[in-house]
Amino acid sequence: MSRGRLLGLASTAVLVAASALALTTGRVKLFGIAWLAFGAMAVAGYAGARTPSTHTGTLVWGYGLAAGAMITSAAVFLLPQAMGQHPVFGGFGVALGLLVGYAAHTLGHRLSHMQLPIDRTLAELTAHAVSAGAIIGIIYGNMPELGVLLGVAIVSHKGPAGYAAVHRFAGRGGDWTAVLLPAAGVGVAAVASSFLALPASAPIRGVVFGFATGVFLHVAMDFLPECEIGSEVHDSLSHDGDAHELLDRLRVHAVASTAIGGVAVFLAWTVVA
């Protein structure tokens, strides 16, 4: 059995234990959100592993849908929560989250020079998943009256993100079941962070909620598909024919996919609201 599959199965077992804890402590919403994220990422990962590596358009659409959904979710659901706690400290928290996210992402490229027990793509996806889960847990742990739509919107990108990541990972010979690690990480992190009780102080809550929003926004922008020469999309092209013409076509796909991702969140909100 491959190391990736072992990690995936072990993390799924941890999610089952975390789910039991969530149900016994009345965290039913987190239970549902956790398994929705797990199922979406697992199914999309399975599909991504079976898509030919030459289909660069699927990579663009996977990232674009994820980015559009995440940016819209952050702007509509997370940002108002942060500003509602404290308009000034909430803003400082957003800025802090964006800057910390950038620093972590930039310094994280040092991982490419290190020998890790898992694939770098999988490691980055797991970090993103745990971040999203922690945000969900903090928000619902301190504001349990919130509806399920917020959490669903936050994890709405997990399907496209899992598809795109496994498409790359499996293309290098990886076992797609390794995606169960980040898929389970959302729920495990959400349940664990939900026990963190924030002080009643509005400035502190504003900074925490703002920080969570900023980190999530950075992750969302990190998913925006780049179609420039030297980008991952460019490097994955077969380069049969005119590469510039192919990139121009993919730029249109990138814009369309991000727009559809954002509209999907809007439509989900209108249906539920």
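The structure this text deals with has already been given above.
Caption draft 1: Up close: the packing of helix H3 (residues 56-85) against helix H9 (residues 202-222). Packing of H3 against H9 leaves a shortest axis separation of 9 Å and a crossing angle of 170 degrees. Between H3 and H9, the angle falls in the class roughly antiparallel. Packed against H3, whose contacting residues are Ala67, Met70, Ile71, Ser73, Ala74, Leu78, Leu79, Gln81, Ala82 and Gln85, the element H9 presents Ala202, Arg205, Gly206, Phe209, Gly210, Thr213, Phe216, Leu217, Val219, Ala220 and Met221 at the interface. By residue class, the composition of the contact of H3 with H9 is 14 nonpolar, six polar and one charged.

Caption draft 2: Focus on the side chain of Ser193. The residue Ser193 is located in helix H8 (residues 180-193) in this model. Judged by relative accessible area, which is 12%, Ser193 ranks as buried. Ser193 has contacts with Gly133, Ala134, Gly137 and Ile138, leaving out every residue within four places of it along the chain.

Caption draft 3: Representation of the side chain of Thr12. Along the chain, Thr12 turns up in helix H1 (residues 3-24). Taking the relative accessible area as the measure of exposure, Thr12 reaches 17% and is therefore buried. The residues contacting Thr12, other than those within four sequence positions of it, are Phe38, Leu180 and Ala184.

Caption draft 4: Structural detail: the nonpolar core. One finds Leu78, Ile136, Leu150, Ile154, Phe216 and Phe223 to be the most contacted residues of the largest nonpolar core, which totals 51 residues. With 10 residues, H3 is the largest single contributor of residues to this core.

Caption draft 5: A look at H8. The end-to-end C-alpha separation of H8 is 20 Å, in line with the 20 Å expected for 14 residues at 1.5 Å each. Burial of H8 is extensive: 12 of the 14 residues sit out of reach of the surface.

Caption draft 6: Summary view of the environment of Ser131. Here Ser131 shows up in helix H5 (residues 120-142). The exposure class assigned to Ser131 is partly exposed, which follows from its relative accessible area of 27%. Sequence separation between Ser131 and Phe216 is 85 residues; the distance between their C-alpha atoms is 7.5 Å. In terms of polar contacts, Ser131 uses its side chain to reach the backbone carbonyl oxygen of Ala127, at 2.9 Å.

Caption draft 7: A look at the environment of Gly90. Mapped onto the elements of the fold, Gly90 is located in helix H4 (residues 87-108). In this structure Gly90 comes out as buried when scored by relative accessible area, which is 0%. A C-alpha to C-alpha distance of 9.1 Å links Gly90 and Ala202, two positions 112 residues apart in sequence. Sequence-distant contacts of Gly90, that is, excluding residues within four places in its chain, are made with Ala82, Met83, Gly206, Val207 and Gly210.

What counts as what
- Residues numbered from 1 in each chain as written.
- Predicted model: local features only at pLDDT ≥ 70, side-chain atom pairs only at ≥ 80, totals over all residues.
- Heavy atoms only, no water.
- Axes fitted to C-alpha atoms, helices over the stretch in contact; angles between N-to-C directions.
- Helix = DSSP H or I, 4+ residues; strand = E, 2+ residues; numbered from the N terminus.
- Parallel < 35°, antiparallel > 145°, perpendicular 65-115°, else oblique.
- Contact = heavy atoms within 4.5 Å.
- Nonpolar A, V, L, I, M, F, W, Y, C, P; charged D, E, K, R; others polar.
- Buried < 20%, exposed > 50% of the residue type's maximum accessible area, 1.4 Å probe, protein only.
- Core = buried A, V, L, I, M, F, W, Y, C linked by side-chain atoms within 4.5 Å.
- Expected span 1.5 Å × (residues − 1).
- Polar contact = N/O pair within 3.5 Å; in protein donor to acceptor, adjacent residues only side chain to side chain.

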